[in-house]
Every structure is written in structure tokens, then in C-alpha cells.
Amino acid sequence: MPVVLVAEELSPAGIALLESAFEVRYADGADRAKLLPALADVDAVIVRSATKIDAEAISHGRRLRVVARAGVGLDNVDVDAATKAGVMVVNAPASNIVSAAEHAVALLLALARNVPQAMRSLQGGQWKRSAFTGVELQDKVVGILGLGRIGTLVAERLAAFGMTVIAYDPYVPTARSTQLGVRLVTLDDLLAEADFISVHLPRNAETVGLIGDRELHLVKPEVRIVNAARGGIVDEAALASALSEGRVAGAALDVYATEPCTDSPLFGFDNVVVTPHLGASTEEAQEKAGTQVARSVKLALAGEFVPDAVNVQGGAVAEDLRPWLPLCEKLGRIFAALAGGATAAVAVEVRGEIAEFDISVLELAALKGLFADVTEEGVTYVNAPLVAKERGVEMSLSADQASPDWRNVLTLRGTARDGQLVSVSGTLTGLRHAAERIVEVNGLDAEIAPTEHMLFLGYADRPGVVGIVGQILGGKQINIGGMQVCRHAQGGEAMIVLSLDSAVPPEVVTDIASAIGAGLARVVDLDET
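Residues numbered from 1 in each chain as written. Predicted model: local features only at pLDDT ≥ 70, side-chain atom pairs only at ≥ 80, totals over all residues. Heavy atoms only, no water.

## Remarks on helix α1 (residues 12-19)
Step number 1: When α1 is considered as a whole, its buried residues turn out to be Gly14, Ile15 and Leu18. The buried residues of α1 occupy one face: seen down the axis, they fall within an arc of 100°.
Step number 2: Those residues of α1 hidden inside the fold are in contact with β1 (3-6), β2 (23-26), β3 (44-47) and α11 (283-301). (Buried < 20%, exposed > 50% of the residue type's maximum accessible area, 1.4 Å probe, protein only. Helix = DSSP H or I, 4+ residues; strand = E, 2+ residues; numbered from the N terminus. Arc of directions from axis to C-beta. Contact = heavy atoms within 4.5 Å.)

This is the structure in C-alpha cells:
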């Protein structure tokens, strides 16, 4: 049974999910002396923010396949080191988006109506209604910096207050913002127009100090700024100067350049609302974080694609694409067998309705299958591109929504070492697209389900070949579960594709190839896919 190490507190629901499938162990992740030896024989480790999973920690995890962060940030995980080691890194990116959006709105409302200041005054025995006159949100302009998932939720909620929503996000297409009823503008235009500004950007080299002294000289004096995203995006010293000079009417902060932060010049302003990084601090967010990473660990250790893996190219996978991943892996393994190993270049072709989706993950699935049986190291969705690069295999991916023969079809195509063209195609059939079918092999039409044990035989078409193959297999007590004979024309190139109930020993394959004069004889075992 796989072993999962829980290095920090996790929600009871998350623990229950893990215990249903794994042996669960516990360690104090903040105690390095206890963490490193605890990693030696575990398959996955789950952390929050206090545990540092760096290259040293990863090197101690000889069996480690997954590092899971029960939260959004990954500052404490060396993603590059994990990728090089073939270790998947997952987090829970959607666990706190509602909580974070709601907290941003709460801060904005508290700032607009002076809620905490009025509360402190009243608790101090004073009744000063006129001192805490606020402003309405209706008919005001709110500028959203970053129209990602959280920024979008904030925009939707503030639009319900009757606010005009504008946004700055150079990575969002106009069509998307139009759907949301949000007008995209430049950063300078947003600063000039907005009555409220709410920050929802990641912290990186492009965004640190994005709102600095220059920007705070472009805003309206009545502007109120909310940052519940990441500290450092708003320059705190510049903001303090703008507040003291009356160039900004107020600010609300949940995040700081350095955390924990218990002392800041900003704390001395009456028109500043502050909280100690509470954006994700709800019962629901903590529950979601625990259950999301637990599900991701289960998927990863089962060998399935994990949508929340941060070091897997391709990102989230459309629901309509997920059933195609196992088939694509199988096609990769079949292709490698037909080619006698990996080739210098492999093309992945996607035709049909699924071509409208982001199909990059299918290239990863093909790579995973391609190298599954030809390398000693384990191949995962994480390290498959690195394995291909190290072996000089170039991959290409193409898509075409036109598919004349099948509703959807995947094809892997390339050239074997001997110069022969190699190809294999597959599709999903049935009402729920659950039935896998191989529909083409080396240019010959076929239709047979991929099974655990398969045998591919290429030969010159003539009478008696099928009988010889059946006789040899029967003599070795190997039962044929399915068979497809493929050919272009009588007496021409032909292929037999067999699904078998048990593995075929190499010597039996050699006997069959010799008996029928096969130019191609390849066994494919798909039991580990």
C-alpha cells in the first residue's frame, strides 16, 4: 500500500480520503531533523506553508512521487528540483478563491463605510456618527488589477452593487472581459478612472512594486485601494506617503511585503483597514484545500492525470478530454513497440470535435506511453518532456476539427530506425465514449480494442497464415481474445493484430515470425498503463 506523509495539519475530510486508500503517517514538517528521515520511504508528502521541500528533502525521498501543498502558494517547494526528479507537485489553487474574493469585498466595504474605525470608537465609549461618514459603492468605478479567477469573482460581486467595473490584465483577451461585462483598460487609465482599486495579481518579477510612487501620483485623491492578493505589489512606503499627503483616501490590506507583519507605518493611519492575511482563513477554504490535495494525491499515485499539478505542461484538462488520456498513453506504447523503440521525431495528430480544446496534455500522454517501456527511470506526466529532450526526440502536435472517418481520432506518426513509416490511430466509441478502439496500424485500417497483451504481425498476405498463428499460440496454451486482419488488397501487405489472454514469451514470437515470414513481429503489454 502506498504511504503518504502528512507533515502539517490537514482537514479531517482530507485525512479520511487519504486513509481510505493509503497508509498515512505523520511528522512535524517544521522540524528538519524529523522530516528528512520520514521522507525516506513514502510515496507522497502533504505540506502547508511551514514545511520546506527543497532539493535536499526531495533527494531523501527515494520513493517520492508527489509533493502536495494544501493551499495555493508554493514558495516553500522547489518545483524545479521536483521536476528533475520526476516528482509531481500539486496544490489546491481553487480551494480559497471564494474566500479570498469575499474577503476582498469585505475589506472594500469596511473601508468604504469606516466599519473598524467606528467599532473602535464605540467600544471606547464614544458616539461619533458624523466622524465616520462613508461613501456608497453604487455608480462608482472599481478597477480590478488581475482578472483571473479571484479577480473575476470580485468583479461579479461588485457589479451586483451597481459599480462600473474596469480591469487591467494584459493576459486576458477582450472577448473574455466582454463576457464578464468588464472593460479592459491600460494600467494608467485604470489608475486615473477608478474610485476603488482591488489587487488580484500574483507576485512575480513583473508585479512587485507595480503600484509605486509614480502610479500613486496618477490616482484620484478619493481613491481607495484594497490589496488582498500578495504583499509587495503595492509599494507600502509609497502608499504611506500618498496617504499622508492626501493623494489616496484610504487603503485596506490583508497582505504585506514581509510576513508576519506586526509593525508598519501604515498601521498608524485612521483611514487604513488591516487584517493578518486572512484571505483563505475560512472553514470552507481549509476543508477544500485538504480534500483537493487528497484527491490529487490519489489520482497521482494511481497514475492518472492530475489537473492541479503545477509542473505538468498543459494545465487543467477539459472533462471531454480526460477519457482520451489512457488511450493516448496506450497508443504511445504501441507506437514505440512498432518502431522498435523511440524515434527521432513523433507527430501527435488530433482530429475531430476534441480538437477545439487545449489538447497539449495529449502530447504529454503520448510521451508518457512512448517511453514507458524503453527507459529504466519511471516516466510521468512531469518528467516526460525532459526524458524526450534528453533522448533527442522531437514531438509535434497538430489539431484539425475535420475528421472524415471518425467523430474523433488520435494518431501517432513517425519513422522507425530502419526508415519504415510507423503510425497507430485510436478512437473512443459508444454512447459515453468509454470503449477504446485501435483503428489504424501502419496505414492499414483496423478496429480492435487494446488489451493487456497484444501481438502485431506484419506479413505478405496469403492463405494459411491465420491458421499457423493460431496453431502455434494454441500449442503454447495462449488464448486469442480478439483478432483483426488488416490489408489494402489481396496478396499485398497485411497485418494481424491480436488481443491475447496471457503474455507471449519472446521465443514464441520468434517461432511465429519465422513460420509466417513476418517482417514485423511486436508484442505490447499494456497492463501497467
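## A short note on the sheet that holds strand β17 (residues 435-441)
Step number 1: With mixed pairing, six strands are arranged side by side in an open sheet as β14-β13-β15-β16-β17-β18. Pairing within the sheet leaves two strands with one partner each, and these edge strands are β14 (394-400) and β18 (444-448). Each strand of the sheet is rotated relative to its neighbour by a mean of 20°, with strand direction disregarded.
Step number 2: Pairing between strand β13 (residues 345-352) and strand β15 (residues 408-415): seven bridges, direction antiparallel. The partner of glycine 352 across the bridge, within β15, is asparagine 408.
Step number 3: Of the strands in this sheet, β13, β15, β16 (421-429) and β17 are in contact with helix α12 (residues 324-339), which crosses β16 at around 155°. (Pairing = 2+ DSSP bridges. Axes fitted to C-alpha atoms, helices over the stretch in contact; angles between N-to-C directions.)

## Some words on the sheet that holds β3
Step number 1: An order of β2-β1-β3-β4-β5 is seen for the five strands of this open sheet, with the pairing classed as parallel. Both outer strands of the open sheet, β2 and β5 (88-90), are each paired with one neighbouring strand and no more. Averaged over all neighbouring strand pairs, the angle between strand axes comes to 20°, with direction disregarded.
Step number 2: Inspection of the sheet shows β1 paired to β2 by four bridges, in the parallel sense. Considered in β2, the bridge of leucine 5 is made with arginine 25.
Step number 3: Of the strands in this sheet, β1, β2 and β3 are in contact with α1, which crosses β2 at around 135°.
Step number 4: Against the sheet, α11 contacts β1, β3, β4 (66-69) and β5, and its axis sits at roughly 170° relative to β4.

## Section: the packing of α12 against helix α13 (residues 360-372)
Step number 1: It is the contact of α12 with α13, at a shortest axis distance of 7 Å, that shows an interaxial angle of 40°. The angle between the axes of α12 and α13 places the two elements in the oblique class. In the crossing of α12 with α13, the sense of the turn from one axis to the other is right-handed. Touching Trp324, Leu325, Cys328, Glu329, Gly332, Arg333, Phe335 and Ala336 of α12 are Val361, Leu362, Ala365, Ala366, Lys368, Gly369, Leu370 and Ala372, all from α13.
Step number 2: A breakdown of the residues in the contact of α12 with α13 according to their chemical character gives 11 nonpolar, two polar and three charged. (Parallel < 35°, antiparallel > 145°, perpendicular 65-115°, else oblique. Left-handed = near helix turned anticlockwise from the far one by under 90°. Nonpolar A, V, L, I, M, F, W, Y, C, P; charged D, E, K, R; others polar.)

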